[in-house]
Amino acid sequence: MTAVLADGSAQAIAEAVRTGARSAQEITQETLSRIKTRNSALGAFTDVTATRALAKADAIDAARARGTSLGPLAGAPFAVKNLFDVDGLPTRAGSKINRDRPPAKADATMITRLEAAGAILIGALNMGEFAYDFTGENAHDGPSRNPHDLEHMTGGSSGGSGAAVAGGLVPIALGSDTNGSIRVPSSFCGLFGLKPTYGRLSRAGAFPFVASLDHVGPLARSVGDLALSYDAMLGRDDRDHAQADMPATAVSPTLSGGVAGLRIAKLGGYFARAADASAFAAVNAVARALKAERVVELAEADKARAAAYLITMVEGAALHLERLRTRADDFDPDVRDRLIAGAMLPGAWTSQAQKFRRSFREQALALFRDVDVLLAPATPCRAPKIGQKTFVLDGKEMLVRPNIGLFTQPISFIGLPVVVVPVWTAGESLPIGVQVIAPPWREDLALRVARGLELDNVVSAPVAHFADESPNRTP
């Protein structure tokens, strides 16, 4: 029972707590023990909120003893990327500089909502500095490590989130996604990850990176957990002025809707070039399972990626300009140099990029008049090794760090909802992900497709098991 619940879903944990088969206190103690045993190998957690978690568990168990109805995530542990405000902790955002800030005085909205559903915050997670990262390698806290092979990257910038969930420390973690930072770790670590529509979930209490591109969302080992956590976080929040005024419609009841009748197509053109064969094989495997034979093209995706890069550099530089002036030596040099470059770009270029953004969005919406869901690679390859600087894609040697997100950036550029599904190939120790892309505000469609693939055993997100903590051990 203990191992099943520790390795299993938040849904299973919540059911066990609600029925009294397990106490929230037991689950929390077990989770803290697993973190103590595994985290030094994984580099997932930077802060563990043990006292808070145990107090919350006691409150849940007391509520059950009184006969109070418990929430859908009762007793389920979760953790958050350390750019989310956690009451009493400095919000690191993966940086050295932010550690000097006063502790947060309140939780981020998404933490408050998950706890209202009964989930228990366990701590904060490692990430790339100021979220400007695709690898999961932090210059100050060390790299997060891929639980399926500890010599390999988790991907970033939500690297600790990927390591914590794939490594069996928690069933759910929160990340952020500006250009791919939920989807890349999901792909490399073999997880389900949801980047909702831009403006769907509140970012209040989350340290920003690029306000016009930032999203927040969950990573999990099952589609059910992904949907439950998403449902718990829905709702208007006036503290995030970019949040859209959309109905908070739960998706969990729609998961069983299946894929019959859905018009599903693969993205060709840009999304069928410049990647390892494993990325295209994964898309083809998912397409075969869904009987999706049609191929469509999203024109000018290469320009969309370039425009996203430009906006990221300029907005990111503007946010950090004072820090660059006063504490340049305290940045990760790779992050600092890109921010300085962004500060030197002409402002007129961003105006042109934003104008193109509108026209590119119109092209995507036109596609969705004939197609309900699109499929594309999540990453151009499986996880590279930690410290690896280059890889070969389509016969060309390219830099790893800026090119991991070449398939995710054009999609987040226009804020479309995406679920990454993990694909495993026989004989391979590492997974790779596929993006299931839906029209704006139709997270339900992407999750339905992901659930159908999960039920048909086409995709899965297993826990990585390992006995020792050697940082060079391959599980």
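What counts as what
Residues numbered from 1 in each chain as written. Predicted model: local features only at pLDDT ≥ 70, side-chain atom pairs only at ≥ 80, totals over all residues. Heavy atoms only, no water. Helix = DSSP H or I, 4+ residues; strand = E, 2+ residues; numbered from the N terminus. Rg over C-alpha atoms; globule rule 2.2 N^0.38 Å. Buried < 20%, exposed > 50% of the residue type's maximum accessible area, 1.4 Å probe, protein only. Contact = heavy atoms within 4.5 Å. Areas by Shrake-Rupley, 256 points an atom, 1.4 Å probe, with all protein chains shown as cover. Pairing = 2+ DSSP bridges. Axes fitted to C-alpha atoms, helices over the stretch in contact; angles between N-to-C directions. pLDDT = per-residue confidence, 0-100. Disulfide = S-S within 2.5 Å. Core = buried A, V, L, I, M, F, W, Y, C linked by side-chain atoms within 4.5 Å. Phe/Tyr/Trp six-rings, centres within 6.5 Å; stacked < 30°, edge-to-face > 60°. Lys NZ or Arg CZ within 6 Å of the ring centre and 35° of its normal. Arc of directions from axis to C-beta. Polar contact = N/O pair within 3.5 Å; in protein donor to acceptor, adjacent residues only side chain to side chain.

A look at the overall build of the chain
Move 1: What the chain contains, in helices and strands, is 15 helices and 15 strands.
Move 2: In terms of overall size, the chain behaves like a compact globule, its C-alpha atoms giving a radius of gyration of 21 Å where 475 residues would be expected to give roughly 23 Å.
Move 3: Within the chain, buried positions represent 62% of all 475 residues.
Move 4: Put simply, of all contacts in the chain between residues at least 6 apart along the chain, 78% involve residues at least 24 apart.
Move 5: Carbon and sulfur atoms make up 53% of the accessible area of the chain, which amounts to about 17,100 Å² in all.

Notes on the sheet that holds strand β9 (residues 264-267)
Move 1: Across the sheet, 11 strands lie side by side as β1-β3-β2-β6-β8-β7-β14-β15-β11-β9-β10; this open sheet has mixed pairing. Across the chains shown, the open sheet's two edge strands, defined by having one partner strand only, are β1 (45-48) and β10 (294-296). Ignoring strand direction, the axes of neighbouring strands in this sheet form an average angle of 30 degrees.
Move 2: Here strand β2 (residues 77-81) runs beside strand β3 (residues 120-125); their pairing, made up of 5 bridges, is parallel.

Focus on the confidence of the model for the chain
Note: predicted coordinates in regions of low pLDDT should not be interpreted at a detailed level.
Move 1: Mean pLDDT over the chain: 95, with 96% of residues reaching 70 or higher.
Move 2: Overall, residues 467-475 carries pLDDT values under 50, and its contacts beyond four positions in sequence, including any with other chains, amount to 21 contacts.

Description of the state of the cysteines
Move 1: Enumeration over the complete set of coordinates arrives at 0 disulfides.
Move 2: No disulfide involves C189; its sulfur sits 13 Å from that of C381, the nearest cysteine.
Move 3: Its relative accessible area of 0% is what places C189 among the buried residues.

Some remarks on the nonpolar core
Nonpolar side chains in soluble globular proteins tend to be buried together.
Move 1: Of all hydrophobic cores here, the largest spans 149 residues; its most connected members are F45, L73, F84, F413 and V421.
Move 2: Top element by residues in this core is helix α10 (residues 301-326). It accounts for 9 residues.
Move 3: Every residue in contact with V421, bar those within four places of it in the chain, is listed here: L191, F192, V286, I432, G433, V434, V436, A450, L453 and V459.

Here we look at the packing of aromatic side chains
Move 1: Applying the stated rule across the entire model yields 9 aromatic pairs.
Move 2: Ring centres of F356 and F360 lie 5.8 Å apart, and the angle between their planes is 25 degrees; on these two criteria the pair is classed as stacked. With F356 and F360 both in helix α12 (residues 347-367) and 4 residues apart, the pair spans about one turn of that helix. The exposure classification of F356 matches that of F360, with both residues buried.
Move 3: Each member of the aromatic cluster is reached from another via a ring pair, and the members are F130, F207 and F331.
Move 4: Its end group placed over the ring of Y132, R338 keeps NZ or CZ at 3.9 Å from the ring centre.

Details of helix α11 (residues 333-343)
One turn of the α-helix equals 3.6 residues, which is why residues spaced by three or four share an orientation.
Move 1: Listed as buried for α11 are V335, R336, L339 and G342. Buried residues along α11 cover an arc of 125 degrees about the axis, so they all sit on one side.
Move 2: Close packing links the buried residues of α11 with α10 and α13 (400-403).
Move 3: Where α11 starts, the residue carrying a side-chain oxygen 2.9 Å from the main-chain nitrogen of D334 turns out to be D332.

Describing helix α5 (residues 109-116)
Move 1: Within α5, 6 of the 8 residues are buried, which leaves the element mostly enclosed by the surrounding structure.
Move 2: Within α5 the residues assigned to the buried category are T109, M110, I111, R113, L114 and E115.
Move 3: Of the surrounding secondary structure, the elements contacted by the buried residues of α5 are α4 (50-65), β2, β3, β6 (172-177), β8 (215-220) and α8 (223-233).
Move 4: Backbone geometry just downstream of α5 places G118 in the positive-phi region, at approximately 105 degrees.

Notes on the pairing of strand β11 (residues 373-377)
Each regular strand carries side chains that alternate between the two faces of the sheet.
Move 1: For β11, a buried count of 5 out of 5 residues is recorded, marking the element as mostly surrounded by other parts of the structure.
Move 2: Every second residue of β11 is oriented toward a common face, with V373, L375 and P377 on one face and L374 and A376 on the other, all of them buried.
Move 3: Two strands pair when backbone bridges link them, and β9 and β11 are joined in this way by 3 bridges, in the parallel orientation. Looking across to β11, one finds that K266 is bridged to L375.
Move 4: Examined bridge by bridge, β11 and strand β15 (residues 432-437) share 4 bridges and lie antiparallel to one another. Bridge pairing links A376 to Q435 in β15.

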